[in-house]
Amino acid sequence: MGGDMLQVCYGFFDRLMENFPQEVSCQVLGHESTGLEIREYWIKPRHIGKMRSAPEEINTLPTLLMISGQHGQEYTAIVNVMLMLHHMFYEPRSYPTLSLLRSSFHLRIIPCLNAWGVKHAKRRNANNVDLNRNFSVGWLQAQGNKGEVALSEIESKILLDWVKKHKQQTLCFLNFHDHSDLSVSWGCASEPFSQRILLHAFQKFSVWYYQHFNDPNPEIALTWLGVPRDGYSDKHIGQVLEVPTLLFECPYVNHARISNEWSDVRSVSLQLLMHVFDRLLAHYYHDHQV
C-alpha cells in the first residue's frame, strides 16, 4: 500500500472526528524519539438519557483499549481498524454488532503506536527496537531487537501510562497485528476470560471459513491460540497491570491460505473482528459469562 500510512491513518481519524464531533475526540499522548505524534482517539458511546433521580453509575460504561501499528509495517491491521470504524459510523444498519459495540463501550484507540515505523513501513521503531519485545515481564528471555533495557522506548512507556490511566474502567486491551505464516490467524490472551473469548471467536470463524473457502492447506492448523510471549506488551499489561489482554493477527494480501485479493483478505479479517466483538458483547450483556 503506497503513500505515508501514518498520514493516511491520522487523516482518516481526523475526518471521523470532524464528521462526528460529539463522539470522537483526539489527544496527543506524546512524541517518539524523532518527534512524531503518538495519538489517542476516543470514541464515546452514544448517550443514554436518564432521570435526575437515577444513580450516576447507570451511564458508566466500560472501556475497550485498542492499539495497532505496534509493528510499523503491519498495515493490514491498521487498515482493518480503520475499516471497522468506517462500517461502524457510516454503515450502521449493515453491521449491527458494530452498532452495539458503539453503544456499549468507550473505545480508546492508539492506531499507530510505532508512529515512525508506520511512516517508514518498518517493523521496529526509529531506534531499531521491536516494541513488542521491550516490556519488563520476560524481557531477559525475549528474542530479537528488544532494546538495551526493558522499557527503554518512549512508545512503551506511553502505552503503559495510558493503560494505567484507564485500567479501572477497562474490560479488555486489544492489540491488532498482521500474521506471517500459513495459519490464517494467530492469537494470544493473558487470562481465562480473554482466552475463552478468543477461543470461541476462532471456533466460530472456522465454521465461516470452511463455508467460504476451499482450504489449500487443510493439514495445517487454521488458527493458533496461546499466551503472550516474553517481552510482549500484553504479558506486562496482563500480569503487572492486571488488565485482560487479547492479541490477534489478521492475514495479509497474498496470504497462502486465502488469495491475493484484498476483498478476500478483508472479508476474512472482518469475520475475525466480528466474532471477537460478539464474544466481548456477550460477556458484557450476559452477566459477564462468555
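Nothing here was measured: the structure is a model prediction, and the numbers come from that model.

Draft legend 1. Region of the structure containing the overall build of the protein chain. Regarding its fold elements, the protein chain presents 8 helices and 8 strands. Taking all 290 residues of the protein chain together, 56% fall into the buried category. For the protein chain, the proportion of contacts with a sequence separation of at least 24, taken over those separated by at least 6, is 74%. Surface summary for the protein chain: the accessible area is close to 12900 Å², and the carbon and sulfur share equals 51%. Each charge class in the protein chain was averaged separately, 26 positive and 29 negative side chains, and the resulting centres sit 4 Å apart.

Draft legend 2. Structural context of helix α8 (residues 262-285). Relative to the 34 Å expected for 24 residues at 1.5 Å per residue, α8 spans 34 Å between its end C-alpha atoms, a close match to the ideal helical length. Of all the 24 residues making up α8, 17 are buried; the element is thus mostly covered by neighbouring parts of the structure.

Draft legend 3. Fine view of the pairing of strand β8 (residues 245-250). Of all 6 residues making up β8, 6 are buried, and the element is well covered by its neighbours. The alternating pattern of β8 places Thr245, Leu247 and Glu249 on one face and Leu246, Phe248 and Cys250 on the opposite face, and all of these are buried. Across 4 bridges, the pairing between strand β6 (residues 185-189) and β8 is antiparallel. Among the inter-strand pairings, tryptophan 186 is bridged to a residue of β8, identified as glutamate 249.

Draft legend 4. Looking closely at the packing of aromatic side chains. By the definition in use, this model includes 13 aromatic pairs. Ring geometry for phenylalanine 20 versus phenylalanine 89: centroids 4.7 Å apart, planes at 50°, classification tilted. Of this pair, phenylalanine 20 sits in the loop between α1 (5-19) and β1 (24-31) while phenylalanine 89 sits in helix α2 (residues 75-90), and the two are 69 residues apart along the sequence. For phenylalanine 89, a relative accessible area of 5% puts it in the buried group. When the ring of phenylalanine 176 is compared with that of phenylalanine 248, the centres are 5.2 Å apart and the planes differ by 65°; the resulting orientation is edge-to-face.

Draft legend 5. Broad picture of helix α6 (residues 192-212). In a regular helix each residue adds 1.5 Å, so 21 residues correspond to 30 Å; α6 covers 30 Å between its end C-alpha atoms and thus fits that length. Here α6 has its buried residues at Phe193, Ser194, Ile197, Leu198, Ala201, Phe202, Phe205, Trp208 and Tyr209. Projected down its long axis, α6 shows its buried positions confined to an angular sector of 155°, all on one face. In α6, the exposed positions that point more than 90 degrees away from the buried face belong to Pro192 and Gln211.

Draft legend 6. Spotlight on the sheet that holds strand β7 (residues 223-226). As summarised here, the arrangement of the 8 strands in space is β1-β2-β4-β3-β5-β8-β6-β7, forming an open sheet in which the pairing is mixed. Edge positions in the sheet fall to β1 and β7, since each has one partner strand and no second. Within this sheet the neighbouring strands show an average axis-to-axis angle of 20°, counted without direction. Where α2 meets the sheet, its contacts fall on β1, β2 (37-43), β3 (63-67), β4 (106-110), β5 (170-178) and β8, and the angle it forms with β5 comes to roughly 125°. Here α6 sits on the sheet and contacts β5, β6, β7 and β8; the angle it forms with β6, its principal contact strand, is near 160°.

Draft legend 7. The arrangement of the packing of helix α3 (residues 96-104) against α8 in detail. Contact pair α3 / α8: the axes reach a minimum separation of 10 Å and the direction vectors enclose 45°. Between α3 and α8, the crossing angle belongs to the class labelled oblique. Viewed along their axes, α3 and α8 form a crossing whose handedness is left-handed. Between α3 and α8, the contacting residues are Thr97, Leu98, Leu100, Leu101 and Ser104 on the first element and Met274, Phe277, Asp278, Leu281, Tyr284 and Tyr285 on the second. Across the contact of α3 with α8, the residue classes tally to 8 nonpolar, 2 polar and 1 charged.

Draft legend 8. Spotlight on the environment of aspartate 14. Relative to the assigned elements, aspartate 14 resides in helix α1. Overall, the relative accessible area of 23% leaves aspartate 14 in the partly exposed class. Aspartate 14 sits 28 residues away from tryptophan 42 along the chain, and the two C-alpha atoms are 11 Å apart. Here aspartate 14 is in contact with Arg39 and Tyr41, once residues within four sequence places are set aside.

Cut-off values and rules
- Residues numbered from 1 in each chain as written.
- Predicted model: local features only at pLDDT ≥ 70, side-chain atom pairs only at ≥ 80, totals over all residues.
- Heavy atoms only, no water.
- Helix = DSSP H or I, 4+ residues; strand = E, 2+ residues; numbered from the N terminus.
- Buried < 20%, exposed > 50% of the residue type's maximum accessible area, 1.4 Å probe, protein only.
- Contact = heavy atoms within 4.5 Å.
- Areas by Shrake-Rupley, 256 points an atom, 1.4 Å probe, with all protein chains shown as cover.
- Lys, Arg positive; Asp, Glu negative; His and termini not counted.
- Charge placed at Lys NZ, Arg CZ, Asp CG, Glu CD.
- Expected span 1.5 Å × (residues − 1).
- Pairing = 2+ DSSP bridges.
- Phe/Tyr/Trp six-rings, centres within 6.5 Å; stacked < 30°, edge-to-face > 60°.
- Arc of directions from axis to C-beta.
- Axes fitted to C-alpha atoms, helices over the stretch in contact; angles between N-to-C directions.
- Parallel < 35°, antiparallel > 145°, perpendicular 65-115°, else oblique.
- Left-handed = near helix turned anticlockwise from the far one by under 90°.
- Nonpolar A, V, L, I, M, F, W, Y, C, P; charged D, E, K, R; others polar.

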